[in-house]
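Overview (structure and organization)
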There are 2 protein chains.
Amino acid sequence: MKAIVLDSFGPADVLELRDVDQPEPGPGEILVKVHATSVNPVDAKIRERGSAYALEPPIILGYDVSGVIEAVGDGVDDLNEGDEVFYTPELNAHGAYAEYHVARAENVAFKPQSLSHEEAAAIPLAACTAWQALIDRAGLQAAETVLIHGGGGVGHFAVQIAYAAGAQVVVVGNPDMEDALLELGADEFVDYEDDAFEDTVDEISGGLGADVILDTVGGHLLAESIPSLARYGRMVTIVGDATGDLGKAYRKNAAIYPMMMERGAAMLDRIALLVDNGQLRPLIDRTMTLEDAADAHRLIERGGLEGKIVLTP
Amino acid sequence: MKAIVLDSFGPADVLELRDVDQPEPGPGEILVKVHATSVNPVDAKIRERGSAYALEPPIILGYDVSGVIEAVGDGVDDLNEGDEVFYTPELNAHGAYAEYHVARAENVAFKPQSLSHEEAAAIPLAACTAWQALIDRAGLQAAETVLIHGGGGVGHFAVQIAYAAGAQVVVVGNPDMEDALLELGADEFVDYEDDAFEDTVDEISGGLGADVILDTVGGHLLAESIPSLARYGRMVTIVGDATGDLGKAYRKNAAIYPMMMERGAAMLDRIALLVDNGQLRPLIDRTMTLEDAADAHRLIERGGLEGKIVLTP
């Protein structure tokens, strides 16, 4: 089968299209014909320094799949050949920049019926990250105020999940995305260069502060957001390089969750329900072919995209 | 009445015994004849730089009380003159280094019957801090492993609360305290100079790591403890200067709680129950008189105490 393989870590040039053996599903696994995958920031991070993820080349990247089950391994009872599924592969050496992918059955959910494969492939990793951050970790509830740093892949799903949860949503992002994010459910948009989110949060929360703050950007943003946090507020960061003096949040009796998304079909089932209810949809900047993976990486590293990049084999 | 007053922030010398007006209880308040108070590290911090706590001299320090109700204000129905009570005063300008103290009724609980006033006064602030950290914030449960940094005022109560909760307890402290902390319920004691808590936690938890880590010491200890944390473990710090790269805890999907104790009778009622059940008792290094407050501060700043310092008027 065709796949994009990297033989060493480095710049986008290391991504190479070639023929590799088609994988076979073991017990508890399924073989999926990949109809679409998508590019996430973590792809470029692993490509650049995969040893930090305990990975060794050769590696196939790609952590989103929408496709059709081609075969099921022993012990898989609830999935069948021909089922349309979507999921986010484990971060191992066998990602989904390929024509076929083998997945553990417990990570796989039925694709939302209302979406094409290209649309569905833009969802799993980013939407599960947003879901786990806001729902599982922060326990976001109706009438709470949430401040979301970043309106990109994870951020634009977070806006929609927070809106669906009945929260008041302030998102700090790229001004090119303002209209789209307001359309998706944000109550207030703040240009990330203006640094004025404190005033906006103060106003929308009646001075109580944000009950939940989600950081998808990193650096000092989380520490700088502490003054905008409500008492007993919760802060979640999905980026490992959150820095700054988080201990200062003791004055707020904060809960801080530095998180790493963990896969599971149950979460995807909820997300698929939101999608089919018309409450969640992906923004797609463009669709490219697998051959263009290196260009896709250059685009995501440059930033300023207005949605996900989808790749089709 | 006699009280220890400070007119400016600074070294222990600023603490001065003098006569001041006896306070009167307003609506919802009670007047308590202080039989004993105790010294906590926060007393010395406020004495040194109280402006960080938004306090202005003149100030009476002292955030533990065991005493007898002398009078009740309007609207106080559940407390009566003559009741023996214990509590931790709010961090305001009117602490308990004095013969009388006025408190809000909702912060006050009945003194454990099995203790003297001197013993009871050693409990409220430190035990409530330990309770809130382990129970309210970390949700410590039976069969979990807890790592406690520091076996001092808060730490020695944390050991007992964790033991009462059915947890396996590792405490890192001063070797002078080893026997006492093992006697109070610690399963393992680690000398804080040995830095060997990783191995001890690993062994007692069967390699899973500590479900809960409580930091009563500060500095880089919390960040350095991340490798000893279990997946989805909870870390609580009660010191505002916890530093280091806490974001790295994302690999553990940690919950981090930088906390500030908040008062309440409900928590003290639970603590009194533990005391009267024989499950919690204070270690008291020595009892001094109010006149000796400055010496007591010098002792607590020097460190190495083997329990609380109690002051009696």
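Quick caveat, the model's predicted, so the values are computed rather than measured. (Residues numbered from 1 in each chain as written. Chains lettered and ligands numbered in written order. Predicted model: local features only at pLDDT ≥ 70, side-chain atom pairs only at ≥ 80, totals over all residues.)

Scanning chain A from terminus to terminus reveals nine helices and 15 strands. Relative to a compact globule of 313 residues, whose C-alpha radius of gyration would be 20 Å, chain A shows 19 Å and is just as compact. Structurally, chain A occupies a C-alpha span of about 60 × 40 × 35 Å along its principal axes. Looking at chain A residue by residue over its 313 residues, the buried ones come to 53%. Put simply, 64% of the contacts in chain A that link residues at least 6 apart link residues at least 24 apart. (Helix = DSSP H or I, 4+ residues; strand = E, 2+ residues; numbered from the N terminus. Rg over C-alpha atoms; globule rule 2.2 N^0.38 Å. Buried ≥ 20, exposed ≤ 12 C-beta atoms within 10 Å, placed from the backbone. Contact = placed C-beta atoms within 7 Å.)

Below, the discussion takes up the relation of the copies chain A and chain B. Here chain A sits on chain B after a turn of 180 degrees about the axis and a move of 0.0 Å along it, with an RMSD of 0.0 Å. This pairing of chains is accounted for by a two-fold axis. Residues of chain A ranked by C-alpha distance from the rotation axis are headed by Ile256 of chain A, positioned 2.4 Å from it. The overlap is high: 100% of the interface residues of chain A also sit at the interface in chain B, so the same surface is used on both sides. (Least-squares fit on C-alpha atoms with pLDDT ≥ 70 in both.)

Let's shift gears to the packing of helix H3 (residues 124-137) of chain B against helix H4 (residues 153-164) of chain B. Residue and element names in this part refer to chain B. Across the interface, H3 lies against H4 with an axial gap of 8 Å and an inter-helix angle of 50 degrees. By the angle between their directions, the pair H3 and H4 is classed as oblique. Pair H3 / H4 crosses with right-handed handedness. Contact residues: Ala126, Ala127, Thr129, Ala130, Trp131, Ala133, Leu134 and Ile135 in H3; Gly153, Val154, Phe157, Ala158, Ile161 and Ala162 in H4. Considered class by class, the residues forming the contact of H3 with H4 number twelve nonpolar, two polar and no charged. (Axes fitted to C-alpha atoms, helices over the stretch in contact; angles between N-to-C directions. Parallel < 35°, antiparallel > 145°, perpendicular 65-115°, else oblique. Left-handed = near helix turned anticlockwise from the far one by under 90°. Nonpolar A, V, L, I, M, F, W, Y, C, P; charged D, E, K, R; others polar.)

Before going further, it helps to spend a moment on the interface of chain A and chain B. The interface of chain A with chain B comprises 20 residues on the first partner and 20 residues on the second. In terms of residue count, the dominant contributor to the side of chain A that touches chain B is strand E13 (residues 255-258) of chain A (four residues).

Residues and elements named next belong to chain A. Of all eleven residues making up strand E3 (residues 29-39), ten are buried, and the element is well covered by its neighbours. The pairing of E3 with strand E6 (residues 100-104) spans five bridges and is antiparallel. The partner of Leu31 across the bridge, within E6, is Val102. Note that E3 and strand E4 (residues 65-72) share six bridges and pair antiparallel. By the bridge assignment for E4, Val34 is matched with Gly67. (Pairing = 2+ DSSP bridges.)

Turning next to the domain arrangement of chain A. Residues and elements named next belong to chain A. Taken as a whole, chain A is organised into domain 1 (2-123 + 282-312) and domain 2 (126-258). Domain 1 and domain 2 are separated by 28 Å when their C-alpha centres are compared. Contact with domain 1, which involves eight residues of that partner, is made by nine residues of domain 2. Residue classes in the side of domain 1 that touches domain 2 are distributed as three nonpolar, three polar and two charged. (Domains from an automatic or database assignment.)

Let us now look at helix H3 (residues 124-137) of chain A. Residues and elements named next belong to chain A. At Trp131, H3 is bent by approximately 25 degrees, the largest bend along its length. Among the 14 residues in H3, twelve count as buried, and that is most of the element. Those residues of H3 that sit buried are Pro124, Leu125, Ala126, Ala127, Cys128, Thr129, Ala130, Trp131, Gln132, Ala133, Leu134 and Arg137. A positive phi of about 60 degrees marks Gly139, the residue just after H3. (Bend = angle between axes of the 7 residues up to and from the residue.)

So, about helix H6 (residues 197-204) of chain B. Residue and element names in this part refer to chain B. All buried positions along H6 are accounted for by Phe197, Thr200 and Val201. Buried residues of H6, viewed axially, fall in a sector of 95 degrees; they line one side. Seen from the open side of H6, the exposed residues pointing more than 90 degrees away from its buried face are Asp199 and Glu203. Looking at the buried side of H6, the elements it contacts are strand E8 (145-149), strand E9 (168-173), strand E10 (188-191) and strand E11 (210-215). Note on H6: the residue one or two positions beyond its end, Gly206, has a positive phi of about 60 degrees. (Arc of directions from axis to C-beta.)

All names here are of chain A. Following the sequence through the fold, Gly67 ends up in strand E4. A sequence separation of 31 residues divides Gly67 from Ala36, and the C-alpha atoms of the two residues are 6.7 Å apart. The contacts of Gly67, once residues within four sequence positions are left out, are Val32, Lys33, Val34, His35, Val85 and His117.

We now examine the pairing of strand E12 (residues 229-237) of chain A. Within a regular strand, side chains alternate between the sheet's two faces. Residues and elements named next belong to chain A. By the criterion of burial, E12 is predominantly enclosed, with seven of the nine residues buried. As paired strands, strand E11 (residues 210-215) and E12 are joined by five bridges and run parallel to one another. Residue pairing across strands places Leu214 opposite Val236, the latter belonging to E12. Of the pairings in the sheet, the one linking E12 to E13 comprises four bridges and is parallel in character. Of the residues in E13, the one forming a bridge with Val236 is Tyr257.

The next subject is the environment of Arg281 of chain A. All names here are of chain A. Within the secondary structure, Arg281 is located in the loop between helix H8 (265-276) and strand E14 (284-289). You can call Arg281 partly exposed: it has 18 C-beta atoms within 10 Å. Distance from Arg281 to Gly153, taken between C-alpha atoms, is 11 Å for residues 128 residues apart in sequence.

Here we come to the nonpolar core. Counting residues in hydrophobic clusters, the biggest one holds 215 residues, and the most contacted among them are Leu134, Val146, Ile148 and Ala158 of chain A together with Leu134, Val146 and Ala158 of chain B. When sequence neighbours within four positions are dropped, the list of residues in contact with Val146 of chain B reads Leu134, Leu140, Ala162, Ala167, Val169, Ala210, Asp211, Val212 and Leu214 of chain B. (Core = buried A, V, L, I, M, F, W, Y, C linked by C-beta atoms within 7 Å.)

It is worth spelling out the confidence of the model for chain A at this point. Per-residue confidence for chain A averages 96 on the pLDDT scale, and 100% of its residues sit at or above 70. Two summary scores accompany this predicted model of the complex, namely pTM at 0.92 and ipTM at 0.88. (pLDDT = per-residue confidence, 0-100.)

A word on the environment of Leu305 of chain A. With respect to the helices and strands, Leu305 of chain A occurs in the loop between helix H9 (293-302) and strand E15 (308-312). Spatially, the C-alpha atoms of Leu305 of chain A and Asn174 of chain A are 9.3 Å apart, while their sequence positions differ by 131 residues.

Now for unusual backbone geometry. That bond from Pro57 of chain A to Pro58 of chain A is cis: its omega, 0 degrees, falls within 30 degrees of zero. Mapping Pro58 of chain A onto the fold places it in the loop between helix H1 (41-49) and E4. For Ala143 of chain B, which is not glycine, the phi dihedral falls at a positive 70 degrees. Note that Ala143 of chain B resides in the loop between H3 and E8. Since 9 C-beta atoms lie within 10 Å of it, Ala143 of chain B is described here as exposed.

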